[in-house]
Amino acid sequence: MDPDDQIMQGPGERRVAEAAERIVAEGRPRLHRTWTSLVATSLLGGIDVGVGVMVLLFVRHETGSELLAGLAFSTGLIALLLGHSELFTEGFLVPVATVVAGAATWLDLLRMWGTVLVMNLIGGWAFMWLVVQAFPELHGTAAASGAQFVDGGYTLGTFCLAVLGGGVITLMTRMHHGSESMTAKITASVVTAFVLAGLGLWHSVLDSLIAFAGLHTADAPYGYLDWLEWLAWAVLGNVVGGLLLTTSLRLIRSAPVLSGDTAPTNS
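Notes on the structure in this doc start here. (Residues numbered from 1 in each chain as written. Predicted model: local features only at pLDDT ≥ 70, side-chain atom pairs only at ≥ 80, totals over all residues. Heavy atoms only, no water.)

1. A short note on the side chain of Glu90
Right, so step 1: Note on placement: Glu90 falls in the loop between α5 (74–83) and α6 (93–100).
Right, so step 2: Comment: no salt bridge for buried Glu90; closest opposite-charge side chain is Arg30, at 6.0 Å.
Right, so step 3: Excluding residues that lie within four positions of it along the chain, Glu90 makes contacts with Arg30, Leu80, Ser85, Pro95, Met172, Thr173 and His176. (Helix = DSSP H or I, 4+ residues; strand = E, 2+ residues; numbered from the N terminus. Buried < 20%, exposed > 50% of the residue type's maximum accessible area, 1.4 Å probe, protein only. Lys, Arg positive; Asp, Glu negative; His and termini not counted. Salt bridge = Lys/Arg side-chain N within 4 Å of Asp/Glu carboxyl O. Contact = heavy atoms within 4.5 Å.)

Okay, structure coming up:
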């Protein structure tokens, strides 16, 4: 047996192959959902993230700690995981791998990305209105927190924050598919939330919901046009980070499986 074949049949590569097959098996129905299912799942994704943002703002208000607030945000990512809803930046690894494997088209991918992003924002906007009305004591924290992102500026540094945000959230998706253990998946969600929100990385949906909370208070030093400009910058960085830092390298490693050249063995 050729040494390269022996390496490809090793336990580590078999696990990579099995994870790649699970990714494509999940991605096929995700990319071929009806409009109704896609819209509903994406709206729920915005609401689930909104739950995490609500807890984040409350902890930040009570403790003043960014790290504790980031850890508290894990509530939203766990809700996404267990509720099987859809988040825009979770649509990089799985859908792109599915398209590369020939199980869907690039048009299917663009349809999914556009719908999920818009519906995430609509669902999150509505949920954050409820939060702001229910907890008036959070108004000052919400306005200040939103301004940190929207007024953060469009520099190399902020773009890198968005790139890192996209890469980290896509890494979480890869970790979810690297194990069948629910405990391991929840742990990955908690760690990702801590890194993403605790370190202040830029995430197009998460931070938009924080910005919406500030806008709903009418005390924010920014407006919707300012937010839209920020969103374009954040989405660009998230896409670059999700596709280049994580997805492309994972696809290279899983290329034999995605192309159908090999399959995992159970020996």
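2. Observations concerning helix α11 (residues 204–217)
Right, so step 1: The terminal C-alpha atoms of α11, which comprises 14 residues, lie 20 Å apart, in line with the 20 Å expected from a rise of 1.5 Å per residue.
Right, so step 2: Within α11, 14 of the 14 residues are buried, which leaves the element mostly enclosed by the surrounding structure.
Right, so step 3: Among the residues trailing α11, Ala218 stands out with phi positive, at a value near 70°. (Expected span 1.5 Å × (residues − 1).)

3. Considerations on the nonpolar core
Right, so step 1: Ranked by size, the top nonpolar core spans 60 residues in total, and within it Val49, Val53, Leu57, Phe73, Phe88 and Met128 carry the most contacts.
Right, so step 2: It is helix α7 (residues 106–134) that contributes the most residues to this core, 10 residues altogether.
Right, so step 3: Look past the residues within four positions of Val53 in its chain and what remains in contact with it is Phe73, Met128, Leu206, Leu209 and Ile210. (Core = buried A, V, L, I, M, F, W, Y, C linked by side-chain atoms within 4.5 Å.)

4. Points about the pattern of salt bridges
Right, so step 1: For the structure on display, the rule yields 3 salt bridges.
Right, so step 2: With its nearest N and O atoms 2.3 Å apart, the salt bridge here joins Glu86 to Arg30. Here Glu86 is found in the loop between α5 and α6, whereas its partner Arg30 is found in helix α2 (residues 11–31), with 56 residues between them in sequence.
Right, so step 3: Taking the relative accessible area as the measure of exposure, Glu86 reaches 3% and is therefore buried.
Right, so step 4: In this structure, Arg60 engages Glu66 in a salt bridge whose closest nitrogen and oxygen atoms are separated by 2.9 Å.

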